[in-house]
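Coordinate analysis (summary)
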Amino acid sequence: MELNIDTKLTLNDGHLIPQLGLGVWQTRAGATCETAVLAALEAGYRHIDTAAMYGNEDSVGAAIRKSGIPREKIFVTTKLWNSDHGNPERALDTSLRKLKFDYVDLYLIHYPVRERRQSWRALEALRAEGKARSIGVSNFTIKHLKELLAETATVPSVNQVEFHPYLYQRDLLDFCVGKGIVVEAYSPLTKGERLADPKLVAIAKKYAQAGEQPATSRSQLPFVQKISRRPEGKSTAQILIRWALQHGLVVIPKSANRGRILENSDVFGFEISAEDMRFLDRLHENLRTCWDPTNAP
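Residues numbered from 1 in each chain as written. Predicted model: local features only at pLDDT ≥ 70, side-chain atom pairs only at ≥ 80, totals over all residues. Heavy atoms only, no water.

Packing of helix α5 (residues 142–149) against helix α6 (residues 170–179) brings their axes to within 10 Å, and their N-to-C directions diverge by 20 degrees. Overall, the two elements α5 and α6 adopt an arrangement that is roughly parallel. In this structure, α5 crosses over α6, and the sense of that crossing is left-handed. Across the interface between the two elements, Ile-142, Leu-145, Lys-146 and Leu-149 from α5 touch Asp-171, Leu-172, Phe-175, Cys-176 and Lys-179 from α6. (Axes fitted to C-alpha atoms, helices over the stretch in contact; angles between N-to-C directions. Helix = DSSP H or I, 4+ residues; strand = E, 2+ residues; numbered from the N terminus. Parallel < 35°, antiparallel > 145°, perpendicular 65-115°, else oblique. Left-handed = near helix turned anticlockwise from the far one by under 90°. Contact = heavy atoms within 4.5 Å.)

The following block contains the structure:
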């Protein structure tokens, strides 16, 4: 299947999730966050990922309203924070009040804290009430998933984890695929730590952009002509995003910079070869730029 900015994956509950999204972790609330979300929506993104812990849910909601795009056309994720497991319903109600939404498309347990199993039952109830259309988890290892699946008939729709060639969690991906769980990649750009890796740069230079057409089905949008072209090849960030897309992941690169938001969406006019995908797979070095959930009990 040819990928484009409108490509969606089907979750195990039947809902659709756009494969490319914008993450807003560490994006300052207010004008900075609103501007970033509006730039992403103008560029064709239809998936925004926030969380109670980020402190910018209100800005995400405001930007979506300002965009004029109908709410039902935009997939919005938020998350249950670690200190809110005593009352997940109240936590989601607070998030909905800040977003000024009646529902979120996806509600995740942000981290596998000890209360995760009882909280999952609360999320099941929230889905039944319609406050969350889909429910899932984040930072869950195979161990955490097996524990949860042993106690519930509701398989998480998503497991959102750090994922990139330098943290190629092949076993986790295979396990999730086998259980019908979509893997969503956060920090797919390694927080910038490996963007200058000579091995990655060499791959990026192979994919020249000369003569390419911006690969979006929304080609009428004015942003399309403003994407900077690199005659020497794709950017390393674009290679990392495309690698994740070709592995069937949902990908949510974070940026508050308009130019990078546009560049991160310009990943559909080329395909990484099978040989280069295998090369990128071998860059794995267990690099974690965020949490290490393998230590969570």
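Read from one edge of the open sheet, eight strands run β3-β4-β5-β6-β7-β8-β9-β10, paired in parallel fashion. Looking at which strands have only one partner, the edges of the open sheet turn out to be β3 (22–23) and β10 (250–251). Pairing of β3 with strand β4 (residues 47–49) involves two bridges; the strand directions are parallel. Its bridge partner lying in β4, Leu-22 is registered against Ile-48. (Pairing = 2+ DSSP bridges.)

With that settled, consider unusual backbone geometry. For Lys-100, which is not glycine, the phi torsion reads 65 degrees and is therefore positive. Note on placement: Lys-100 falls in the loop between α3 (88–99) and β6 (104–109). Of note, the phi angle at Ser-187 is positive, near 50 degrees, even though the residue is not glycine. Looking at the element boundaries, Ser-187 is found in the loop between β9 (182–186) and α7 (198–205).

What follows covers the environment of Asn-257. Looking at the secondary structure, you find Asn-257 in the loop between β10 and α9 (258–265). Expressed as a C-alpha distance, the spacing of Asn-257 and Asp-102, which sit 155 residues apart in the sequence, is 29 Å. A distance of 2.9 Å separates the side chain of Asn-257 from the backbone nitrogen of Arg-260, its partner in a polar contact. (Polar contact = N/O pair within 3.5 Å; in protein donor to acceptor, adjacent residues only side chain to side chain.)

Counted by the stated rule, this structure contains 14 salt bridges. Of the charged contacts in the structure, one is a salt bridge between Asp-49 and Lys-79, with a shortest N-O distance of 2.6 Å. Placement of the pair is Asp-49 in strand β4 and Lys-79 in strand β5 (residues 75–80), with a sequence separation of 30 residues. Accessibility expressed as a relative area gives 1% for Lys-79, which makes it buried. Glu-147 is paired through a salt bridge with Arg-117; the nearest N and O atoms lie 3.9 Å apart. With Glu-147 in helix α5 and Arg-117 in helix α4 (residues 116–129), this residue pair connects regions lying 30 residues apart in the sequence. Since its relative accessible area comes to 24%, Glu-147 is described here as partly exposed. Arg-117 sits in the partly exposed class, given a relative accessible area of 33%. Linked through salt bridges whose partners overlap, the residues forming this network are Glu-89, Asp-93, Glu-129 and Lys-131. (Salt bridge = Lys/Arg side-chain N within 4 Å of Asp/Glu carboxyl O. Buried < 20%, exposed > 50% of the residue type's maximum accessible area, 1.4 Å probe, protein only.)

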